[in-house]
Amino acid sequence: MFTGSMPALVTPFLNGELDLDKLKHLVEWQISEGSTGLVPVGTTGESPTLSHDEHEAVIAEVVKAAAGRVPVIAGAGSNNTVETIRFVEFAAKVGADAALVVTPYYNKPTQRGMVAHFTAAHDCAEIPIIIYNIPGRSIVDMTPDTMGELAKLPRIVGVKDATGDIARVSQQRATCGADFCQLSGEDATALGFNAHGGVGCISVTANVAPKLCAEFQQATLAGDYAKALEYQDKLMPLHEAIFIEPGLVGAKYGLSKLGLCSEEVRSPLTGLEDSTKAAIDAAMAHAGLL
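Reference entry: report on the structure contained in this document. None of the values given here were measured: they were computed from a predicted structure.

### Brief notes about the packing of aromatic side chains
Aromatic ring pairs are described here by two measures, namely the spacing of the ring centres and the angle between the planes. Applying the stated rule across the entire model yields 0 aromatic pairs. The ring of Phe13 carries Arg266 above its face, with NZ or CZ at 4.4 Å from the centroid.

This is the structure:
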């Protein structure tokens, strides 16, 4: 159901408020450039600084704008199980195709606690759930065995894996089954991730280079790793430059260079240093985007 290149969409702002018109244009552009899915209000969508109402408005707008042309995986995570249930139920109500639920951050739950959290999210609505495992931000790491336990639930269908450990793909195939949908959450290692059995990437770089990222994914899924490596060589400087500072800030800057989005981010994030802008400019030029 979910394969290929799916941008973790930025959330455009204008003078501190949501810019839903720009968001609609970004959805149209992403689909026209070949993105195979859309993922609003993840971390790259600045979910930590959106109000609940804003979070839900973005999901509803992206679902409406996509109009069934590509699947929408709605960010629905929180370290609060009750809040997670609210977002999962909302995603189901407005017609999202799946909910992306992050491992609870800050609380540092045990593996047993994560099973309880994801089971509650699973049971609250008839919508597929993608686990988002990102130890670098959440501090906790869902083990392959725990994921295998959750994969027994009918609507826990996949993982966005941002561990950076490519061996996890094979380990999770063993515990979750070969049909479990494994999506990379790290652009730089997406090539190796798919070689191990992954089927796509929820990508930050795809905000800025959607066509290249989509063609890269198509090559890996066709088994043409020589062609994929050519795309990797084009994209790798951009993967690295976007993440010199927080990736969503880099992505918004790149989009601003293309005239598609304001650079504006919400505190505590700030605009980029000039040296980072120069690195992104050079990487976009290397990729043929400028």
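### Some remarks on the layout of surface pockets
Where empty space is left can be seen by rolling a probe of water-molecule size over the atoms. A volume near 570 Å³ is recorded for the largest pocket. Residue lining of the largest pocket: 30 residues in total, with Gly42, Thr43, Ser47, Pro48 and Tyr105 positioned closest to the centre. Secondary-structure elements contributing two or more residues to the lining of the largest pocket are helix 2 (52-66), helix 3 (81-94), strand 5 (98-102) and helix 5 (135-138). Roughly 410 Å³ of volume is contained in the second largest pocket. For the lining of the second largest pocket, the elements supplying multiple residues, two or more each, are helix 5, strand 9 (200-203), helix 10 (225-242) and helix 11 (247-257).

### With respect to helix 7 (residues 167-176)
Considered for burial, the residues of helix 7 that qualify are Arg168, Val169, Gln172 and Cys176. End-on view of helix 7: buried residues confined to an arc of 100°, all on one side of the axis. Contacts from the buried residues of helix 7 go to strand 6 (129-133), helix 6 (144-150), strand 7 (156-161), strand 8 (181-184) and helix 8 (190-195). Gly177, located one to two residues past helix 7, shows a positive phi value of around 100°.

### Some points on the nonpolar core
Nonpolar side chains tend to gather and get buried jointly when the protein is soluble and globular. In terms of nonpolar packing, the biggest core is built from 42 residues, with Val27, Leu38, Val62, Val88 and Ile131 touching the most fellow members. Mapped by element, the contributors of at least two residues to this core are helix 1 (20-32), helix 2, helix 3, strand 5, helix 4 (111-123), strand 6, helix 6 and strand 7. Every residue in contact with Val27, bar those within four places of it in the chain, is listed here: Leu9, Leu38, Val62, Ala65 and Ala66. In this structure, Leu191, Ala209, Leu238 and Ala241 belong to the second largest nonpolar core, which totals 32 residues.

### Notes on empty space enclosed by the protein
Evaluation of the coordinates by the stated rule reveals 3 cavities of 30 Å³ or more. Taken together, Ser5, Asp187, Ala190, Cys201, Ser203, Cys213, Phe216, Gln217, Leu235 and His239 form the lining of the largest cavity. For the lining of the largest cavity, the elements supplying multiple residues, two or more each, are strand 9, helix 9 (210-221) and helix 10. Considering every element that reaches the lining of the largest cavity, the biggest residue donor is helix 9, with 3 residues. Looking at side-chain class alone, the lining of the largest cavity contains 5 nonpolar, 4 polar and 1 charged residues.

### A word on the side chain of Glu56
Residue position: Glu56 is located in helix 2. Leaving out residues up to four positions away in the same chain, Glu56 has contacts with Arg86, Phe87 and Phe90.

### With respect to the pairing of strand 9
Residues Gly200 and Ile202 of strand 9 are buried on one face, and the alternating residues Cys201 and Ser203, pointing to the opposite face, are buried as well. With 2 bridges joining them, strand 8 and strand 9 adopt parallel strand pairing. Bridging across to strand 9, Ser184 finds its partner in Cys201. Since strand 8 and strand 9 lie parallel, the crossover through helix 8 that links them has a hand, and here it is right-handed.

### A few points about the pattern of salt bridges
Going through the model one piece at a time under the given rule, you end up with 11 salt bridges. Across the pair Glu46 and Lys252 runs a salt bridge, and its minimum N-O distance is 2.6 Å. You can see Glu46 sitting in the loop between helix 1 and helix 2 and its partner Lys252 sitting in helix 11, a full 206 residues away along the chain. Residue classification places Glu46 among the buried residues on the basis of a relative accessible area of 2%. Residue Lys252 is classed as buried on the basis of its relative accessible area, which comes to 0%.

### What about the sheet that holds strand 8?
Reading across from one edge, 1-9-8-7-6-5-4 is the order of the 7 strands in this open sheet, with parallel pairing throughout. Looking along the sheet, the strands with just one partner apiece sit at the ends: strand 1 (4-7) and strand 4 (73-75). Put simply, the sheet's adjacent strands are angled 30° from each other on average, direction ignored. Direction of pairing for strand 5 relative to strand 6: parallel, over a ladder of 4 bridges. The residue bridging Ala99 from the neighbouring strand is Ile129, located in strand 6. Those strands touched by helix 4 are strand 5, strand 6 and strand 7, and its axis lies near 160° from that of strand 5.

### Considering helix 10
The first and last C-alpha atoms of helix 10 sit 24 Å apart over 18 residues, in line with the 26 Å expected at 1.5 Å per residue. Of all the residues in helix 10, the buried ones are Ala228, Tyr231, Gln232, Leu235, Leu238, His239, Ala241 and Ile242. Packing partners of the buried residues in helix 10 comprise helix 8, helix 9, helix 11 and helix 12 (274-286).

Conventions we followed
- Throughout this description, residue numbers start from 1 for each chain and increase along the sequence as written.
- Local features are withheld for residues below a pLDDT of 70 in this predicted model, meaning they are given only at 70 or higher, and side-chain atom pairs are given and counted only at 80 or more; totals for whole chains, interfaces and linings count all residues.
- Excluding hydrogens and water, the side-chain values take into account all heavy atoms of the structure.
- Note on aromatic contacts: the rings of Phe and Tyr and the six-membered ring of Trp form a pair at centre separations within 6.5 Å, being stacked when their planes are under 30 degrees apart, edge-to-face when over 60 apart, and tilted otherwise.
- Consider the ring centre and the ring normal. A charge sits over the ring if Lys NZ or Arg CZ is within 6 Å of that centre and within 35 degrees of that normal.
- A cavity here means a set of points on a 1 Å grid, drawn over the protein atoms and nothing else, where a 1.4 Å probe fits but cannot get out; a pocket is an open set with protein on both sides within 12 Å along at least five of seven lines, and a residue lines either one if it has an atom within 4 Å of a point.
- Grid points are joined across faces, edges and corners, and a volume is the space filled by probe spheres set on the points.
- A helix here means a DSSP run of H or I that spans at least four residues, while a strand means a run of E at least two residues long, and both kinds are numbered starting from the N terminus.
- Relative accessibility decides the category of a residue: with a 1.4 Å probe and only protein chains considered, values under 20% of the type maximum give buried, values over 50% give exposed, and everything between is partly exposed.
- The reported arc concerns the directions from the helix axis to the C-beta atoms and nothing else.
- We call two residues in contact whenever any of their non-hydrogen atoms come within 4.5 Å of each other.
- We call a set of buried Ala, Val, Leu, Ile, Met, Phe, Trp, Tyr and Cys residues a nonpolar core when their side-chain atoms join them within 4.5 Å.
- Each residue gets one of three labels, nonpolar for Ala, Val, Leu, Ile, Met, Phe, Trp, Tyr, Cys and Pro, charged for Asp, Glu, Lys and Arg, and polar for the others, Gly among them.
- Paired strands, in this sense, are two strands between which DSSP finds at least two bridges.
- With the strands pointing away from the viewer, any crossover whose connection runs clockwise from the first strand over the helix to the second is right-handed.
- Whenever a carboxyl oxygen of Asp or Glu lies within 4 Å of a side-chain nitrogen of Lys or Arg, that contact is scored as a salt bridge.
- For helices, the axis comes from a line fit to the C-alpha atoms of the stretch in contact; other axes are also lines fit to C-alpha atoms, and the angle between any two N-to-C directions lies between 0 and 180 degrees.
- A helix's residues, less one, multiplied by 1.5 Å, set its expected span.

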